[in-house]
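Report on the structure
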Amino acid sequence: MFGVRVSVLCYLLALASMTSGTAEEENPEFWRSSAQNTLRSALGRTLNTNVAKNIVLFLGDGMGVTTITAARILKGQLQKRSGEETVMNMDTFPYVGLAKVYSVDFQIPDSAATATAYLCGVKTNLNTVGVSAAARNGVCRSQKGNEVTSILKWAKDAGKSVGIVTTTRVQHATPAATYAHSASRTWYGDADLPASAVAEGCMDIASQLLRNTDIDVIIGGGRKYMTPKGFPDPEYPEDLSAQGQRKDNRNLIDEWLSMKEGKVARYVWNKADFDAVDPEKTDYLMALFEPGDLRFDAERDHSMDPSISETTEKAIQILRKNPKGFFLLVEGGRIDQGHHDSRASMALHEAVALDEAVARGLELTNEEETLTVVTADHSHAFTFNGYPFRGNSILGKSPIFASDFLPYTTLMYGNGPGHKIINNKRPDIRKVDTADKDYVQQSAVPLGSETHGGEDVALLARGPMAHLFQGVYEQNYIAHAMAYAACVGANQEHCGVTAEPPKMGYTTSDPRSSAPDTPLCAMTTVMLSALMSVLLH
């Protein structure tokens, strides 16, 4: 065995010498100069203490640090580069912090509890949304009196325009936390309410979308929770699973339109109609592109569904007309769902798509007056491992086989559907295209759906008061810091600070609110050493 390992090591050493970095990277001055440039940029940084007129929050659902790193490499490799040195749009944000994501009752959270934290400023229990930890999962009566409001409502109460953009259904956990209060995140429509919840007077999340807060832009999926049971879907009229599900026979889409009398309100469900919406002549927009969640970006029908960059652009173009500013939540929600399926390719392509939406958002706003935040709600049991050579496909295999003499991918999961042991052996993937969008990564523990991870998530910020997001903090701090920056919510100390931004192109009190009042004023050597350690151990 020792002889085999030495032979493998010699082969890898020879291979590494042929696959090392560029000639300039072999020159130490390259790295010294790069570091000095970064240092000068840091030293030249000045604090932007303006009041944020606008806030754009990009939320990558399940986009932990490992996902960001892997997506960065994928993005570079899609551009025919090595990948590791790629700079994501979110990487350019100067202020970075870490948020602790545990919920009140669980060490590892779900998207409902975390959304309540970073949007409402209050940590809560698993599976509950828009309520405090005094509410109990699935117990309708426990939510009464324990509702908490979100920064979207605080912004609306301050006179700003508000919007949500998501790649999931608009009733899903993340967007729901902006407007709903529910003891269960799964009460999407009235057909999902248990008899006890109906008897106790709880309202489904879709109904709350119309009732609780006047949201100017609503973009995502979720048509079937808005229409009567059996109502045919306009895109899939023969698909029974796509039909309306409401038992109360209400058509919430029609109701929403009727509520906007005197305003220019548009409802669309396909890209052609969406593209025809003139932002300058539109006050309200509801765009629901699927009966449930939107398709993965890699499977998106470009003729029917716009990209997350396109929906972000339309939302900003409508919202920015308000002279008092706006709040916009943009969620890359299917990163999470790709991970739950243990399909790393899907998850990473979703993360790359979100990063492109970040770029579009920056292009359409002015950094002097717009606070832009990128973060995640939680991570996943997702690992980046082995000792792949520089430029190795991020969706590829480690050059070193495992001790069972079988290859493994550099991206894997701690648990999930990829656990397959046949005759006491893992599957042999030597002839398998692990970069395929449908490939399911192997996992250590068998589960039908891979789970979330519990480590801290990164937060990246730029714009007014972005420096408030440095350090390590509880996830619920995020809502309060954003509110302070924009002078909405409870803390009004920042209201007197104002600065006239440079001219650039498109660039009521609730007694249970967590924001009581509206504002009164407006790597070669290291790699080989590691290989030697592994092979000669």
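Residues numbered from 1 in each chain as written. Predicted model: local features only at pLDDT ≥ 70, side-chain atom pairs only at ≥ 80, totals over all residues. Heavy atoms only, no water.

Per an unreviewed UniProt entry, the chain carries the name Alkaline phosphatase and comes from Culter alburnus. UniProt annotates the chain under Subcellular location (unreviewed entry) with the comment "Cell membrane". As stated in UniProt under Sequence similarities (unreviewed entry), the record for the chain gives "Belongs to the alkaline phosphatase family." (UniProt positions renumbered as here; feature names shortened; annotations may be inferred.)

The subject of this paragraph is the UniProt feature "binding site: Mg(2+)" (unreviewed entry) in the chain. Here the UniProt-annotated "binding site: Mg(2+)" (unreviewed entry) positions come out as D61, H172, T174 and E331. A compact arrangement is adopted by the annotated residues: their sequence extent is 271 residues, whereas the largest C-alpha distance between any two is 11.3 Å. By the secondary structure assignment, D61 is in the loop between β1 (54-60) and α4 (65-78). Beyond its immediate chain neighbours, meaning those up to four positions away, D61 contacts S111, T174, E331, G332, G333, I335, D336, D377 and H378. Counting through the fold element by element, T174 comes out in helix α8 (residues 173-176). Discounting chain neighbours no more than four positions away, the residues touching T174 are L59, D61, S111, A115, Y118, L119, L329, E331 and D377. (Helix = DSSP H or I, 4+ residues; strand = E, 2+ residues; numbered from the N terminus. Contact = heavy atoms within 4.5 Å.)

What follows covers the packing of aromatic side chains. In this structure the tally under the stated criterion is seven aromatic pairs. Centre to centre, the rings of Y188 and Y225 are 5.4 Å apart; their planes meet at 45 degrees, and the pair counts as tilted. In this pair, Y188 is assigned in the loop between α8 and α9 (195-199) and Y225 in the loop between β4 (217-221) and α11 (252-259), connecting sequence segments 37 residues apart. An angle of 80 degrees between the planes, with centres 5.5 Å apart, marks the rings of F274 and F289 as edge-to-face. (Phe/Tyr/Trp six-rings, centres within 6.5 Å; stacked < 30°, edge-to-face > 60°.)

On to the packing of α4 against helix α15 (residues 344-364), then. Helix-helix packing is characterised by the crossing angle of the two axes and by the distance between the axes. For the pair α4 and α15, interaxial distance at closest approach is 9 Å and the crossing angle is 80 degrees. If you check the angle between α4 and α15, you find them roughly perpendicular. Facing T67, A70, A71, L74, K75 and L78 of α4, the residues of α15 in contact are L348, H349, A351, V352, D355 and E356. Its residues placed into classes, the contact of α4 with α15 shows seven nonpolar, two polar and three charged. (Axes fitted to C-alpha atoms, helices over the stretch in contact; angles between N-to-C directions. Parallel < 35°, antiparallel > 145°, perpendicular 65-115°, else oblique. Nonpolar A, V, L, I, M, F, W, Y, C, P; charged D, E, K, R; others polar.)

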